Amino acid sequence: MVSRNLERLPTFDGEAVNVIVETPRGERCKFKYDSKNDIFRLQKFLPFGQFFPFNFGFLPSTVGGDGDPLDVLLLCDGPIAMGTLVLGKIIAVLEAEQTQDGKTNRNDRVIAIPLEGKSRKPVQPEVHLDGKLSESIEKFFVTYNQLQGREFEPLGTHGEDRALQIIRQAMRPQ
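Okay, so let's go over this structure. Computed from a predicted model, the values in this text were never measured in an experiment.

1. Brief notes about the packing of aromatic side chains
One pass over the structure, following the stated rule, counts nine aromatic pairs. Residues Phe-56 and Phe-141 carry aromatic rings whose centres are separated by 6.0 Å and whose planes lie at 45 degrees to one another, so their mutual orientation is tilted. Taken together, the residues span a long stretch of sequence, with Phe-56 in strand E5 (residues 55–58) and Phe-141 in helix H1 (residues 131–146) at a distance of 85 residues. You can call Phe-56 buried: its relative accessible area is 4%. With 5.1 Å between their ring centres and 75 degrees between their planes, Phe-140 and Phe-141 make a pair best called edge-to-face. For Phe-140, a relative accessible area of 10% corresponds to the buried category. Relative accessible area serves as the criterion here: at 1%, Phe-141 is assigned to the buried category. Connected via pairs of aromatic rings, a cluster forms that spans Phe-52, Phe-56, Phe-140, Phe-141, Tyr-144 and Phe-152.

Shown next, in the form of structure tokens:
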């Protein structure tokens with residue numbers, strides 16, 4: 001079997017970013033890409049009543065403060081299948097620290113909207129990250145991490161320019 005290792009795809013496709021979806025919107029199951037075996041693994045179940053509010057994935061060819069590729073939240077109305085490569089437009093970043101077993105790491109969440117592959121236009125009316133939506137996203141990750149025995153401390157939500165700066169700093173050489 002030839003390994004394709006999705007983590008090695010380029011981060012950018014022109015001005016858009018490549019996002020690999022790990023966990024579709026509405027899922028209680030958290031999936032994680034296993035680059036060694038080139039497969040998606042079930043990592044855990046969320047408690048009853050909790051689910052991913054948006055599609056969750058990663059930016060290939062990046063390494064975040066936690067040692068994993070940078071996490072991405074894709075804001076759209078419907079679920080996108082696990083393993084799908086989606087072109088995304090960066091709109092913001094939730095900067096955060098995550099603490100587990102006394103060790104604290106940066107664990108930022110890039111926020112993007114999906115683009116159509118050919119036209120590169122948003123797949124739905126563009127979502128704006130207002131205060132209410134931003135607060136809802138923060139609360140989800142705080143609660144999600146508490147239930148895993150970790151502390152998630154939001155440091156602030158910032159716009160596209162800061163998000164792109166964080167992405168460029170996290171990019172691995174191709």
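2. Points about the layout of surface pockets
A volume near 490 Å³ is recorded for the largest pocket. Lining the largest pocket are 28 residues, and of these Lys-32, Asp-66, Asp-68, Asp-71 and Asn-107 sit closest to its centre. Broken down by secondary-structure element, the contributors of at least two residues to the lining of the largest pocket are strand E3 (29–34), strand E4 (39–45), E5, strand E7 (85–100), strand E8 (103–106) and H1. Its residues placed into classes, the lining of the largest pocket shows six nonpolar, nine polar and 13 charged. A volume near 170 Å³ is recorded for the second largest pocket. Lining the second largest pocket we find Phe-12, Glu-15, Ala-16, Gly-88, Lys-89, Ile-90, Leu-115, Arg-120, Glu-160, Leu-164 and Arg-168.

3. With respect to empty space enclosed by the protein
Taken as a whole and assessed by the stated rule, the structure comprises one cavity of 30 Å³ or more. If you add up the space inside the largest cavity, you get close to 30 Å³. What lines the largest cavity is simply Gly-64, Gly-65, Asp-66, Asp-68, Pro-69, Leu-70, Asp-71, Arg-106, Asn-107 and Asp-108. Partitioning the lining of the largest cavity into residue classes produces two nonpolar, three polar and five charged.

4. Observations concerning the environment of Ile-167
Considering the arrangement of structural elements, one finds Ile-167 in helix H2 (residues 160–170). Put simply, Ile-167 and Val-93 are 74 residues apart on the chain and 9.6 Å apart in space, counted from C-alpha to C-alpha. Apart from residues no more than four positions distant in its own chain, Ile-167 is found in contact with Thr-11, Phe-12, Val-17, Leu-59, Thr-62, Leu-70, Ile-90 and Val-110.

5. Some thoughts on unusual backbone geometry
The phi dihedral of Ser-61 falls on the positive side, at around 60 degrees, and the residue is not glycine. The exposure class of Ser-61 is buried, given its relative accessible area of 4%. Located in the positive-phi region is Arg-120, a residue other than glycine, with phi close to 60 degrees. Secondary-structure assignment places Arg-120 in the loop between strand E9 (109–115) and H1.

6. Considerations on the pairing of E5
Side chains of E5 alternate between two faces, with Asn-55 and Gly-57 and Phe-56 and Phe-58 buried alike. As defined by bridge partners, strand E2 (residues 16–23) adjoins E5 across three bridges and the pair is classed as antiparallel. Across the sheet, Thr-23 pairs through a bridge with Phe-56, a residue of E5. Relative to strand E6 (residues 71–74), E5 runs antiparallel, the two sharing four bridges. The partner of Phe-58 across the bridge, within E6, is Asp-71.

Rules used throughout
Residues numbered from 1 in each chain as written. Predicted model: local features only at pLDDT ≥ 70, side-chain atom pairs only at ≥ 80, totals over all residues. Heavy atoms only, no water. Phe/Tyr/Trp six-rings, centres within 6.5 Å; stacked < 30°, edge-to-face > 60°. Helix = DSSP H or I, 4+ residues; strand = E, 2+ residues; numbered from the N terminus. Buried < 20%, exposed > 50% of the residue type's maximum accessible area, 1.4 Å probe, protein only. 1 Å grid on protein atoms, 1.4 Å probe; cavity = no way out; pocket = protein on both sides within 12 Å on 5 of 7 lines; lining within 4 Å. Points joined across faces, edges and corners; volume = space filled by probe spheres on them. Nonpolar A, V, L, I, M, F, W, Y, C, P; charged D, E, K, R; others polar. Contact = heavy atoms within 4.5 Å. Pairing = 2+ DSSP bridges.

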